[in-house]
Amino acid sequence: MTTQIRTPDEYVSAIRNSGHSIYSPIPIGSELWIPTPSLEILLNRELAGISLAGLPLRTRSKVVKEHVSTALGYPIPSSFKKTQPRFPGQDFDTYTQKSNNLQIWNEEITPTRRYAVIRITDSDIITKVKVISGDELARLDTTGTLTQKYQARLITGASTSELISNTDTVMLAPHVSTTVTTRNFSPTDYPSTGALLPIRTIFERLTLLIGQRFADRGRDQERNRGADLHRLVCEALGYANYQDNGQFPDILHQLLEVKLQTSPTIDLGLVTPDSADALDVPMLNGQQVKHCDVRYALFYATTNGREVTLTHFYLTTGHAFFSRFPQFGGKVLNKKLQIPLPGNFFG
């Protein structure tokens, strides 16, 4: 059984003792892999307050990478290789930003890669670091430069609710429990063995949301409308509080992605639900969770412009997603990408 390392400092200590360099490959979920929330904590702790004033751009980049290496427990290399990404062992790149216009040159966004966006002031002081996956970053594009790579179509049936997968995936099934009390956890906690509700239990609880209404904040407020639904889902699953860190999947503790649909087109970002790529979470008793193990809760809704009404509910594993929702595609443009970051990106 793989030992689970939970605190950021434990990851740093393990890396420091391993003798690894920033170029040493590390499998997602292993004891040396730093999950995104811990990575963000460590980078903020080490980098916040550092001055880059007066440094040439090339020197500035090197200084930032040196501090990043130290923050994570790695030795500073004698020279930094021109790899993509710059920190291949932990699969992330760094971008230093004064403006909210993030520019990515000469490569596509990689959906599972992490992007550490570093905010600096006009006087060149680092104030905040935000770590985000490529898939999440792509969703922030509003310019049309980057299109959704994967989409599917929702076709409603005669029933108002459908459990498309009667059981969880073979990998996830041994880790679920019908007796877990979710009130003792946060929706943003990592999933753990014995604290995952079976997919059928999730279906029974969330089906009760059909007919629920909430205020329509407008078509340009899709994130806020989604947050209202997310709040209802957390309550229905028994959590004491609603929490959302903006990462995939929405309710990390239950490996549950929640989607609100007021049109038949389902936007899936840069990773297909049936992908066998590893998910950025610690292993469950030595087994690595994959994207296809995630559960997808899709709510179809109507709106009169004032209220959103939930009319249909569908629940499936990522593995079975396309057995019910046919896929169609788009294409990521391979050129310089300019993504305007929202004003609240850094919190």
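Computed from a prediction, not measured in an experiment: that's the story for all the values here. (Residues numbered from 1 in each chain as written. Predicted model: local features only at pLDDT ≥ 70, side-chain atom pairs only at ≥ 80, totals over all residues. Heavy atoms only, no water.)

**Examining empty space enclosed by the protein**
Move 1: A full pass over the atoms with the stated rule returns 3 cavities of 30 Å³ or more.
Move 2: As a volume, the largest cavity reaches approximately 290 Å³.
Move 3: Surrounding the largest cavity, 21 residues form its lining, Thr-36, Ser-133, Phe-248, Leu-279 and Asp-280 being those nearest its centre.
Move 4: Mapped onto the lining of the largest cavity, the elements with two or more residues apiece are helix 2 (36–47), strand 4 (126–133) and helix 4 (134–139).
Move 5: Classifying every residue of the lining of the largest cavity gives 11 nonpolar, 5 polar and 5 charged.
Move 6: Of the volumes computed, that of the second largest cavity is approximately 70 Å³.
Move 7: In terms of lining, the second largest cavity is formed by Asp-135, Arg-139, Phe-248, Lys-259, Leu-268, Val-271, Thr-272, His-291 and Tyr-296.
Move 8: Class assignment of the residues belonging to the lining of the second largest cavity gives a composition of 4 nonpolar, 2 polar and 3 charged. (1 Å grid on protein atoms, 1.4 Å probe; cavity = no way out; pocket = protein on both sides within 12 Å on 5 of 7 lines; lining within 4 Å. Points joined across faces, edges and corners; volume = space filled by probe spheres on them. Helix = DSSP H or I, 4+ residues; strand = E, 2+ residues; numbered from the N terminus. Nonpolar A, V, L, I, M, F, W, Y, C, P; charged D, E, K, R; others polar.)

**Here we look at the packing of aromatic side chains**
Move 1: Using the criterion set out here, one finds 10 aromatic pairs in the structure.
Move 2: Seen from their ring centres, Phe-87 and Phe-92 are 4.7 Å apart, and the 0 degrees between their planes marks the pair as stacked.
Move 3: Between Phe-321 and Phe-325, the aromatic rings sit 5.0 Å apart at their centres with planes inclined by 50 degrees, giving tilted as the arrangement. By the burial criterion, Phe-321 is buried, and Phe-325 matches it.
Move 4: Three or more aromatic residues joined by ring pairs make a cluster, and in this case those are Phe-248, Tyr-296, Tyr-314, Phe-321, Phe-322 and Phe-325. (Phe/Tyr/Trp six-rings, centres within 6.5 Å; stacked < 30°, edge-to-face > 60°. Buried < 20%, exposed > 50% of the residue type's maximum accessible area, 1.4 Å probe, protein only.)

**What to know about the sheet that holds strand 4**
The pairing of strands in a sheet comes from backbone hydrogen bonds and takes either a parallel or an antiparallel form.
Move 1: Read across the sheet, 3 strands follow the order 1-3-4 without closing on themselves; strand pairing throughout is mixed. Edge positions in the open sheet fall to strand 1 (92–97) and strand 4, since each of these has one partner strand only. Geometrically, the sheet is characterised by an average inter-axis angle of 20 degrees between neighbouring strands, direction not taken into account.
Move 2: The pairing of strand 1 with strand 3 (residues 114–120) spans 6 bridges and is parallel. Residue pairing across strands places Asp-93 opposite Tyr-115, the latter belonging to strand 3.
Move 3: Together, strand 1, strand 3 and strand 4 form the strand contacts of helix 2, whose direction differs from that of strand 4 by roughly 165 degrees. (Pairing = 2+ DSSP bridges. Axes fitted to C-alpha atoms, helices over the stretch in contact; angles between N-to-C directions. Contact = heavy atoms within 4.5 Å.)

**Notes on the confidence of the model for the protein chain**
Move 1: With 92% of its residues at a pLDDT of 70 or more, the protein chain shows a mean pLDDT of 89.
Move 2: Here strand 13 (residues 337–340) stands out as the least confident element of the protein chain, with mean pLDDT 78; helix 5 (residues 199–207) is the most confident, with 98. (pLDDT = per-residue confidence, 0-100.)

**Examining the pairing of strand 4**
Move 1: The pairing of strand 3 with strand 4 spans 7 bridges and is antiparallel. When the bridges of strand 4 are listed, Ile-118 appears paired with Val-129.
Move 2: Between strand 3 and strand 4, which pair antiparallel and follow one another directly, the connecting turn spans 5 residues, one of which, Asp-124, has a positive phi of 70 degrees.

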